[in-house]
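# Descriptive analysis of the structure
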Amino acid sequence: MVQTMETVAVVVILAALAYILYMWNRRKDQIHCPNCGERIDLYADECPHCGYQKGEVLKERLEGEFEEESEETGGDTGEDAGGDTEGGDGEFVCDECGDSFDSDQGLNIHKGMKH
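Below is a short write-up of the structure. Note that this is a predicted model, so its numbers are computed, not measured. (Residues numbered from 1 in each chain as written. Predicted model: local features only at pLDDT ≥ 70, side-chain atom pairs only at ≥ 80, totals over all residues. Heavy atoms only, no water.)

## Description of the overall build of the chain
Filter applied, for reference: We count a stretch as a helix when DSSP gives it H or I for four or more residues in a row; a strand needs E for two or more, and each element gets its number in order from the N terminus. Accessible area is worked out with a 1.4 Å probe on protein chains only. A residue is then buried under 20% of its type maximum, exposed over 50%, and partly exposed in between. The contact criterion used throughout is that any non-hydrogen atoms of two residues lie within 4.5 Å. All accessible areas in this document rest on Shrake-Rupley with a 1.4 Å probe, and a residue is counted as covered only by the protein chains that are shown.
Scanning the chain for helices and strands turns up 3 helices and 5 strands. Ordered by position in the sequence, the α and β elements of the chain form the string α-β-β-α-β-β-β-α. Burial status across the chain gives 10% buried among its 115 residues. Restricting the contact set of the chain to residue pairs at least 6 apart, pairs at least 24 apart contribute 4%. Of the accessible surface of the chain, which amounts to about 9,400 Å², a share of 54% is contributed by carbon and sulfur atoms.

Next up, the structure:
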(Lines give C-alpha, C1' and ligand atoms only; values in the text may rest on other atoms or scores of the structure.)
Protein backbone atom coordinates (compact mmCIF):
# COMPACT_ATOMS: atom_id res chain seq x y z
CA MET A 1 0.00 0.00 0.00
CA VAL A 2 2.81 2.40 0.89
CA GLN A 3 4.62 1.55 -2.34
CA THR A 4 1.49 2.39 -4.34
CA MET A 5 1.08 5.76 -2.59
CA GLU A 6 4.72 6.67 -3.30
CA THR A 7 4.29 5.78 -6.96
CA VAL A 8 1.13 7.90 -7.23
CA ALA A 9 2.90 10.83 -5.53
CA VAL A 10 5.83 10.63 -7.96
CA VAL A 11 3.49 10.50 -10.96
CA VAL A 12 1.52 13.53 -9.70
CA ILE A 13 4.72 15.52 -9.11
CA LEU A 14 6.05 14.65 -12.56
CA ALA A 15 2.75 15.62 -14.17
CA ALA A 16 2.77 18.96 -12.34
CA LEU A 17 6.35 19.66 -13.48
CA ALA A 18 5.48 18.75 -17.04
CA TYR A 19 2.50 21.13 -16.97
CA ILE A 20 4.61 23.97 -15.56
CA LEU A 21 7.28 23.47 -18.23
CA TYR A 22 4.62 23.34 -20.93
CA MET A 23 3.07 26.63 -19.78
CA TRP A 24 6.47 28.32 -19.46
CA ASN A 25 7.48 27.22 -22.95
CA ARG A 26 4.15 28.33 -24.40
CA ARG A 27 4.51 31.76 -22.78
CA LYS A 28 7.75 32.41 -24.68
CA ASP A 29 5.77 32.52 -27.93
CA GLN A 30 3.47 35.28 -26.68
CA ILE A 31 3.68 39.07 -26.72
CA HIS A 32 1.58 41.87 -25.27
CA CYS A 33 -0.92 43.43 -27.66
CA PRO A 34 0.12 47.07 -28.29
CA ASN A 35 -3.52 48.14 -28.24
CA CYS A 36 -5.10 46.37 -25.23
CA GLY A 37 -2.12 44.81 -23.42
CA GLU A 38 -3.44 41.23 -23.34
CA ARG A 39 -1.03 38.39 -24.06
CA ILE A 40 -1.45 37.07 -27.61
CA ASP A 41 0.30 34.54 -29.82
CA LEU A 42 3.45 35.95 -31.40
CA TYR A 43 2.36 34.78 -34.85
CA ALA A 44 -1.27 35.94 -34.65
CA ASP A 45 -2.32 38.46 -37.29
CA GLU A 46 -5.11 39.82 -35.11
CA CYS A 47 -5.64 40.20 -31.36
CA PRO A 48 -8.57 37.97 -30.31
CA HIS A 49 -9.45 40.37 -27.48
CA CYS A 50 -9.62 43.76 -29.26
CA GLY A 51 -9.24 42.96 -32.99
CA TYR A 52 -5.96 44.86 -33.40
CA GLN A 53 -4.50 44.12 -36.86
CA LYS A 54 -0.76 43.55 -36.60
CA GLY A 55 -0.11 43.36 -40.33
CA GLU A 56 -1.64 46.71 -41.28
CA VAL A 57 0.33 48.65 -38.70
CA LEU A 58 3.58 47.00 -39.77
CA LYS A 59 2.90 47.94 -43.38
CA GLU A 60 2.22 51.56 -42.38
CA ARG A 61 5.41 51.71 -40.30
CA LEU A 62 7.52 50.24 -43.09
CA GLU A 63 6.06 52.64 -45.63
CA GLY A 64 6.69 55.56 -43.25
CA GLU A 65 10.30 54.52 -42.66
CA PHE A 66 10.87 54.14 -46.41
CA GLU A 67 9.49 57.63 -47.04
CA GLU A 68 11.62 59.16 -44.27
CA GLU A 69 14.73 57.40 -45.57
CA SER A 70 14.16 58.64 -49.11
CA GLU A 71 13.60 62.20 -47.82
CA GLU A 72 16.84 62.11 -45.81
CA THR A 73 18.92 60.90 -48.72
CA GLY A 74 17.18 63.03 -51.32
CA GLY A 75 16.44 60.01 -53.46
CA ASP A 76 18.89 57.32 -54.51
CA THR A 77 22.31 58.99 -54.64
CA GLY A 78 24.34 55.87 -54.08
CA GLU A 79 25.56 57.12 -50.69
CA ASP A 80 24.99 55.44 -47.36
CA ALA A 81 21.57 56.43 -45.99
CA GLY A 82 22.92 56.62 -42.44
CA GLY A 83 24.92 59.75 -43.14
CA ASP A 84 28.09 58.24 -41.65
CA THR A 85 31.16 60.32 -42.23
CA GLU A 86 34.62 58.99 -42.65
CA GLY A 87 37.10 61.17 -40.84
CA GLY A 88 40.79 61.41 -41.53
CA ASP A 89 43.09 58.43 -40.91
CA GLY A 90 40.36 55.94 -41.87
CA GLU A 91 38.17 56.73 -38.84
CA PHE A 92 34.43 56.29 -39.08
CA VAL A 93 32.44 58.84 -37.06
CA CYS A 94 28.87 58.42 -35.86
CA ASP A 95 26.86 61.45 -36.97
CA GLU A 96 24.44 61.08 -34.05
CA CYS A 97 26.85 61.10 -31.09
CA GLY A 98 30.28 61.83 -32.59
CA ASP A 99 32.01 58.62 -31.46
CA SER A 100 34.74 57.42 -33.81
CA PHE A 101 35.57 53.87 -34.89
CA ASP A 102 38.35 52.13 -36.81
CA SER A 103 36.04 50.36 -39.25
CA ASP A 104 32.65 50.62 -40.86
CA GLN A 105 31.66 47.38 -39.12
CA GLY A 106 32.48 48.90 -35.72
CA LEU A 107 30.32 51.91 -36.55
CA ASN A 108 27.43 49.68 -37.66
CA ILE A 109 27.64 47.64 -34.45
CA HIS A 110 27.65 50.86 -32.41
CA LYS A 111 24.61 52.20 -34.24
CA GLY A 112 22.76 48.90 -33.75
CA MET A 113 23.49 48.85 -30.02
CA LYS A 114 23.11 52.57 -29.17
CA HIS A 115 20.85 54.24 -31.71
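There's plenty left to go through after this.
## Here we look at helix H3 (residues 104–114)
Where we set the bar: Comment: arc refers to directions from the helix axis out to C-beta atoms.
For H3, the set of buried residues is Leu107, His110 and Lys111. Looking down the long axis of H3, one finds its buried residues gathered within 95 degrees of arc, a one-sided arrangement. Projecting away from the buried face of H3 at angles above 90 degrees are the exposed residues Gln105, Gly112 and Met113. Here the buried face of H3 lies against strand S4 (92–93) and strand S5 (100–101).

## Looking at the environment of Lys54
Within the secondary structure layout, Lys54 lies in helix H2 (residues 54–73). On the basis of relative accessibility, which here comes to 23%, the residue Lys54 falls in the partly exposed class. Along the sequence, Lys54 and Ala44 sit 10 residues apart, while their C-alpha atoms lie 7.9 Å from each other.

## Let's talk about a nonpolar patch on the surface
Just so we agree on the cut-off: Note on patches: the residues involved have over 30% relative accessible area and no salt bridge, like charges join within 9 Å, and the nonpolar side chains Val, Leu, Ile, Met, Phe, Trp and Tyr join within 5 Å. Between Lys or Arg on one side and Asp or Glu on the other, a salt bridge is scored when a side-chain nitrogen of the former is within 4 Å of a carboxyl oxygen of the latter.
On the surface, a nonpolar cluster with roughly 830 Å² of combined accessible area is contributed by Val10, Ile13, Leu14, Leu17, Tyr19, Ile20, Tyr22 and Met23. Classification of Tyr19 as exposed rests on a relative accessible area of 52%.

Functional significance is not addressed by these values, which are geometric in nature.
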